[in-house]
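Single-letter residue listing:
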Amino acid sequence: MAKTFHLEIIATDRIFYQGDCEHLVITAIDGLVGIMAGHEPIVTTLPTGELKYMVDGKWNYAAISGGFIQVMPDSSIILADNCELPEEIDIKRAQEARERAQERLRQKQSIKEYYQTQAALNRAMNRLKVSQKHFK
Amino acid sequence: MANIREIRERIDSIKQILKITNAMYLMSSSKLKKARKSLEDTEPYFYKLQTTIDSILEHTPHTRQLYFDRRSGIPEEKRKKGYIVITADKGLCGSYNHNILKFTENELQQAADIDNCSLFVMGQVGRMYFQNRMRSGKKAYVDSEFLYTTQNPTLYRAMEIAQLVLDKFESGELDEVYLIYTDMVTANTQEARKVRLLPFERKHLGKDKDGTLKKLPKASFLPSPEEVMAELIPNYAKGVIYGAMVEAFCCEQQSRMTAMDAATTSAKDMIKDLSLLYNRARQAAITQEITEVCGGAASIGE
């Protein structure tokens, strides 16, 4: 078995995962970052995106929206606004959210509202992407 | 002795109020259950957020990030301070609102210049209180556009509030931002508390117990410390505000439940006392009637 490190993924509404992990792949601001045991300490922020971690040789996937990660050689902590398993995602709700956001983007909005709508659209698209890719 | 009808009317009116307080008690206890659950769900995040941020700061090289800027060039009496105060939307919850308002009032007294203080009040009760206070000529500006409820806290609302104060901090409208809320110490004790949100504090400069500088490995930041901090601190502010909102909401329900429970109990006590009086008055009336009848009969017999 490969060397493991301690991983904690904590969302605002629950502890998503707590335990050992062999390999973690996150979407950082400028691309994918792979983390294994003994990684150098880094801190980075996580935009809305996909996340996968390997436990006992099996990949687990999750959709994550907004947060940050602190990596230490023997442990990593992810603090996120929201984190969901592909099978937990409510496809209908995500679709509705996407349509709502797209609709709103066509309207005239202030810059602040525009960014907020864009972020909402991002979250909805990410949810749909993750659930379509990994949950069939 | 009081009139029988009067006593009966009083008992009836107390019974009506008892129904209301009892209903409010039941409602707040079910809301409390929900609030407790969300508090329990959020607490791990809230605590982890603080310890992680602390440990990240220990590993952070010195940055000239905007949110760390203490603006020490501005003298104490010219500093513009903002307070986010979390109160309830309605009364009838014992001393909950009173405590938090008193605490804020104290804070304002201590501020070097009250004219430079602005309040961002969440919840109807606090907003009314401070707006009335402003109208009666006392200083401390209340932002009347800041309309947020404290019912069922959401992350989205916390984000909006965080965005608002960060914007004001960035544009120089505020130099310091504090958050005042009620903290649940244990299930039965609550305490008003103040937390500094901005500028961001570096409490410990990585000193060991013996006073020597800790040799901490500097973590690397992707893509750069400034950029990470620019994302991380709004995130942190949002997390802290959300956590405070959840705590405060839970406290509010707890105090309302206690207050309504006490009201129900004392209403029951009053009804008990009044029924005793009522029965006594009724008995007296009956006795009097019997005496009159007897007296009448005796006078006929003579």
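These numbers were taken from a predicted model, which means no experiment stands behind them.

## Description of the interface of chain A and chain B
Listed per partner, the contact involves 22 residues of chain A and 22 residues of chain B. Looking at side-chain class alone, the side of chain A that touches chain B contains eleven nonpolar, six polar and five charged residues. Direction of pairing for strand 5 (residues 42–46) of chain A relative to strand 6 (residues 220–222) of chain B: parallel, over a ladder of three bridges. Directly across from Val43 of chain A, in strand 6 of chain B, lies its bridge partner Phe221 of chain B.

## Notes on the sheet that holds strand 5 (residues 190–198) of chain B
The strands making up a sheet are joined through hydrogen bonds of the backbone, oriented either antiparallel or parallel. All names here are of chain B. Read from one edge to the other, the open sheet built from five strands follows the order 3-2-1-4-5, with strand pairing classed as mixed. On the outer flanks of this sheet lie strand 3 (141–142) and strand 5, each paired with one strand and no other. Inspection of the sheet shows strand 1 (residues 81–86) paired to strand 2 (residues 117–122) by six bridges, in the parallel sense. For Lys81, the partnering residue across the bridge sits in strand 2 and is Cys117. Taken strand by strand, helix 4 (residues 155–170) contacts strand 1, strand 4 (176–184) and strand 5, and its axis lies near 170° from that of strand 1.

## Topic: the nonpolar core
All names here are of chain B. With 91 residues, the main nonpolar core has Val85, Leu119, Val165, Ile180, Ile241 and Met245 as its most contacted residues. Here this core gets 19 residues from one element, more than from any other, and that element is helix 5 (residues 225–301). If we skip the residues at most four places from it in the chain, Leu119 touches Tyr83, Val85, Phe130, Ala140, Tyr141, Val142 and Asp143.

## A look at the pairing of strand 3 (residues 23–28) of chain A
Residue and element names in this part refer to chain A. In the sheet, strand 3 pairs with strand 4 (residues 31–36) via six bridges, with the strands oriented antiparallel. Residue pairing in the sheet places Ala28 in a bridge with Gly31 of strand 4. As judged from the four bridges shared by strand 3 and strand 6 (residues 49–55), these two strands associate in the antiparallel manner. Each bridged residue has a counterpart across the sheet, and for Val25 the counterpart in strand 6 is Lys52.

Criteria and thresholds
Residues numbered from 1 in each chain as written. Chains lettered and ligands numbered in written order. Predicted model: local features only at pLDDT ≥ 70, side-chain atom pairs only at ≥ 80, totals over all residues. Contact = placed C-beta atoms within 7 Å. Nonpolar A, V, L, I, M, F, W, Y, C, P; charged D, E, K, R; others polar. Pairing = 2+ DSSP bridges. Helix = DSSP H or I, 4+ residues; strand = E, 2+ residues; numbered from the N terminus. Axes fitted to C-alpha atoms, helices over the stretch in contact; angles between N-to-C directions. Core = buried A, V, L, I, M, F, W, Y, C linked by C-beta atoms within 7 Å. Buried ≥ 20, exposed ≤ 12 C-beta atoms within 10 Å, placed from the backbone.

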